[in-house]
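Spelled out from the first residue to the last, the chains are:
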Amino acid sequence: MSERSESDRLQNESWIQRMIRRPEIGSFIVMIVIILALGLASEGKAFNALGLKNNIAIIAQLGIIAVGAALLMIAGEFDLSIGPMIAFAGMSMAIMLKWGLPFGLGEATPFTAFAITMCMTLAFGWLIGTIVVRSGLSSFIVTLAFWFFLRGLTEVCFRLINQNTNVSGLPDYKQESWFAEQMGGEVFGWLYDGWFWIGQKVSAGLEFTAGMAKDDKIDLINYLSFLNINRKMEQWVTGFDARLLWFIIIAGVAWYVLARTQIGNWIYATGDNKESARANGVPVNRVKVGLFMFSAFCATIFAACQVFDTNSSDAAKGMFKELEAIAIAVVGGILMTGGFGSIVGVVFGAVTFGLVANAVFFIPWIDGAWFRVFVGTVLLAAVFANERIRKRITGGI
Amino acid sequence: MAPKSYMRVENVTKKFGPFTAVNGVDLDVYPGEVHALLGDNGAGKSTLIKILSGVHQPTSGTIYMEEVERSFRSPRDASAAGIGTVYQDLAINQLMSVTRNFFMGRELTSTLGKLRMDEMDQIAHDEMLKIGIDFSDPSQAVGTMSGGQRQTLAIARAIYFGAKVLILDEPTSALGQKQQMEVLKTIKRVRARGDIAIIFITHNEIHSRLIADRYTFLALGQVIGQGTKAELEGGDIRRLMAGGAEIKDLEQELAKI
């Protein structure tokens, strides 16, 4: 065809160009930079057996709520009540475990405490969502109201029932309850077992070849701290925190739903332009209410992992977590205005944030408050980058 | 003998309180024809198409589809009866891909709501090719498309989802010259299929003369002129377009100032 048509103006791109234009690329590059910087500055300690476990724990924790916040933001709404929802869920579970189920239903097991709490938080999620879609008010203000409401309610319940703003010293339910173990226990132990096995072989090899004195060998092993062996030559770390598995499940399901299913298309359509979505038959209100409930679900999983890990809870749990979740979503390439973004980017954002939040433990000379300086800087940069992407897609550039 | 009309509107009136927006309008649309609905701003065009597409219910009057009396209680009713309306804002989402827009709200799914993406890409591509745009990449975001291409997408979507009567609400306004021509070409291609009736709302007389087979002129909610292209002459069209006023009268009015 000799005639040029309008569609010819869009040039075909190579796969490298396509990769560079993907929305996740910014968060991916930031993540790689942080991994390398932290690895160097901590002399590898951040990624040895224990460092990896600790880092993954915080990455998974932040990632779980960031996925919930991200889906909601893609649908065009915010949830500021994530942090207080975490505190409320933690309070609810801890109090039931200590004082028994409500309405004289008897002793609580980890599962019943969790199930009843989940019903309550999902109901709150439904209520928030319904208020937002029915009133047409900004979700910012509605969830801000619930921020205060739930923070206050959590503290009141603690004081009324437990005469204190925390519950501590619960029995270690992980020993008996399979369910508690899935929440607060460890997963992927085989990975660390394998790591330990390799470490033994390596150290035996060193002993055999070098014929070193015992002290030298211990020094060497400490230096080679990526081996999963402690000073007594025993296994040092036995597994990742169970929340890693929850993070993988939640992020995996969220990715699949968003990218591959009808509901995913509805989420994008709702956040992009809800009037045109509605005109085409997308149940906009049900999508939004469902996502507010999903956000509450993620907060409850977060809380359950925390409660069964530490066997305690207190009213200050989840502080600032809603802001961190939103920040991770934005750094992960989610547009503030909705309608665009991917879960893969959010996972990269969670890795970045988790590593930086933990950096102070691996780099002793650094002040922990630098974390917030970093967050602020990266957040601003991410917003500019995202806005550029939006303009490019909508033809502004 | 004239072909049977697809949709017949008889004596439709719509009142909003004391205000009569549309007063006793008759309209016949035939398959394979473009019926231009012309009138100045406030003539009642928008209200009329909102009645036809089920957004408003008429105060009185009847709508027949293929000789059967129908009443539409919602846009969904109308679209199920085969009326596809393409509004000016097109109901298109800029950040989403062509395919995702094409199937928005009516996705093809397999088990567990999984999208049949390859199939949907293929259908979106084929349907748009039929009316004149060849898209190499249906995963391209709509925001990168021109206004004319977006119109084509919205029209192709309406046809694919079973529109027998296609209502186009000012499809050429807010477009550049070249894109206006693209849209007119698209309308011509749809007309050439022969099985779809098109209602083309415009206040651009030139565009209507280029593609319309039949005209209805509205002014102040009433029909002030109606007929086929052969029945009306160019002068008539221009006079009716201005709400019945002669250009000479307008010139005089302007000269007075």
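Residues numbered from 1 in each chain as written. Chains lettered and ligands numbered in written order. Predicted model: local features only at pLDDT ≥ 70, side-chain atom pairs only at ≥ 80, totals over all residues. Heavy atoms only, no water.

### Quick word on the overall build of chain A
Right, on to step 1. When helices and strands are counted, chain A shows 16 helices and four strands.
Right, on to step 2. On C-alpha atoms alone, chain A measures out to a radius of gyration of 24 Å, which is about the 21 Å that the 2.2 N^0.38 rule sets for 397 residues.
Right, on to step 3. On the principal axes, the C-alpha backbone points of chain A span a range of 80 × 75 × 35 Å.
Right, on to step 4. In chain A, which comprises 397 residues, the proportion classed as buried is 50%.
Right, on to step 5. Once local pairs closer than 6 in sequence are excluded, the contacts in chain A between residues at least 24 apart make up 77%.
Right, on to step 6. Roughly 19,100 Å² of accessible area belongs to chain A as shown, and the carbon and sulfur atoms make up 65% of that amount.
Right, on to step 7. If you average the places of the 30 positive and of the 29 negative side-chain charges in chain A, the two averages end up 6 Å apart. (Helix = DSSP H or I, 4+ residues; strand = E, 2+ residues; numbered from the N terminus. Rg over C-alpha atoms; globule rule 2.2 N^0.38 Å. Buried < 20%, exposed > 50% of the residue type's maximum accessible area, 1.4 Å probe, protein only. Contact = heavy atoms within 4.5 Å. Areas by Shrake-Rupley, 256 points an atom, 1.4 Å probe, with all protein chains shown as cover. Lys, Arg positive; Asp, Glu negative; His and termini not counted. Charge placed at Lys NZ, Arg CZ, Asp CG, Glu CD.)

### Thoughts on the sheet that holds strand β5 (residues 68–70) of chain B
Residues and elements named next belong to chain B.
Right, on to step 1. Taken together, the four strands give an open sheet; going across it, the order is β2-β1-β4-β5, and neighbouring strands pair in antiparallel fashion. Strands with a single pairing partner mark the edges of an open sheet, and in this sheet they are β2 (19–29) and β5. Direction aside, neighbouring strands of the sheet carry axes that sit 30° apart on average.
Right, on to step 2. As defined by bridge partners, strand β1 (residues 7–16) adjoins strand β4 (residues 60–65) across five bridges and the pair is classed as antiparallel. Each bridged residue has a counterpart across the sheet, and for Val9 the counterpart in β4 is Ile63. (Pairing = 2+ DSSP bridges. Axes fitted to C-alpha atoms, helices over the stretch in contact; angles between N-to-C directions.)

### Structural notes on the environment of A:Gly189
Residues and elements named next belong to chain A.
Right, on to step 1. Topologically, Gly189 is positioned in helix α8 (residues 189–210).
Right, on to step 2. The class for Gly189 is partly exposed, based on a relative accessible area of 21%.
Right, on to step 3. Considered as a pair, Gly189 and Ile59 are 130 residues apart in the sequence and their alpha carbons are 18 Å apart.
Right, on to step 4. Contacts of Gly189, omitting those with residues within four sequence positions, involve Thr238 and Gly239.

### A look at the pattern of salt bridges
Residues and elements named next belong to chain A.
Right, on to step 1. A complete count under the given rule lists 20 salt bridges over all chains for this structure.
Right, on to step 2. Between Arg243 and Asp309 there is a salt bridge, with the nearest N and O atoms lying 3.7 Å from each other. Taken together, the residues span a long stretch of sequence, with Arg243 in helix α10 (residues 243–260) and Asp309 in helix α13 (residues 284–310) at a distance of 66 residues.
Right, on to step 3. Here the salt bridges do not stand alone but share partners, grouping Lys53, Glu186, Asp241, Arg243 and Asp309 into one network. (Salt bridge = Lys/Arg side-chain N within 4 Å of Asp/Glu carboxyl O.)

### Let's talk about the pairing of β2(B)
Right, on to step 1. Direction of pairing for β1(B) relative to β2(B): antiparallel, over a ladder of seven bridges. Residue B:Val9 lies in a different strand from β2(B), and its bridge partner there is B:Leu27.

### Details of the interface of chain A and chain B
Right, on to step 1. Counting from both sides, the interface comprises 33 residues of chain A and, opposite them, 28 residues of chain B.
Right, on to step 2. For the pairing of chain A and chain B, the buried interface totals around 2,400 Å² over both sides, and the portion due to carbon and sulfur atoms is 49%.
Right, on to step 3. Contact with chain B buries surface across chain A, with A:Gln262, A:Asn265 and A:Asn280 losing the most and accounting together for 26% of the total.
Right, on to step 4. Remark: the boundary between chain A and chain B carries zero salt bridges.
Right, on to step 5. There are 12 residue pairs in polar contact (both at pLDDT 80 or more) connecting chain A and chain B.
Right, on to step 6. At the level of secondary structure, the elements contributing two or more residues to the side of chain A that touches chain B comprise α10, α11 (262–272), α12 (274–279) and α16 (370–393) of chain A.
Right, on to step 7. Sort the elements by how many residues they give to the side of chain A that touches chain B and α11(A) lands first, with seven residues.
Right, on to step 8. Among the residues forming the side of chain A that touches chain B, the class breakdown is 13 nonpolar, 14 polar and six charged. (Buried area = accessible area lost by both parts, 1.4 Å probe. Polar contact = N/O pair within 3.5 Å; in protein donor to acceptor, adjacent residues only side chain to side chain. Nonpolar A, V, L, I, M, F, W, Y, C, P; charged D, E, K, R; others polar.)

### Things to note about the domain arrangement of chain A
Residues and elements named next belong to chain A.
Right, on to step 1. Each assigned domain of chain A is listed here: domain 1 (24–186 + 241–393) and domain 2 (189–238).
Right, on to step 2. Summarising the inter-unit geometry, the C-alpha centres of domain 1 and domain 2 are found 37 Å apart.
Right, on to step 3. Contacts between domain 1 and domain 2 engage seven residues on the former and eight residues on the latter.
Right, on to step 4. Taken together, the two surfaces of domain 1 and domain 2 that pack against each other cover about 630 Å², and 64% of this comes from carbon and sulfur.
Right, on to step 5. A per-residue breakdown of the area domain 1 buries against domain 2 is headed by Asn48, Ala49 and Glu186, which together make up 62% of the total.
Right, on to step 6. Across the contact surface, domain 1 and domain 2 share zero salt bridges. (Domains from an automatic or database assignment.)

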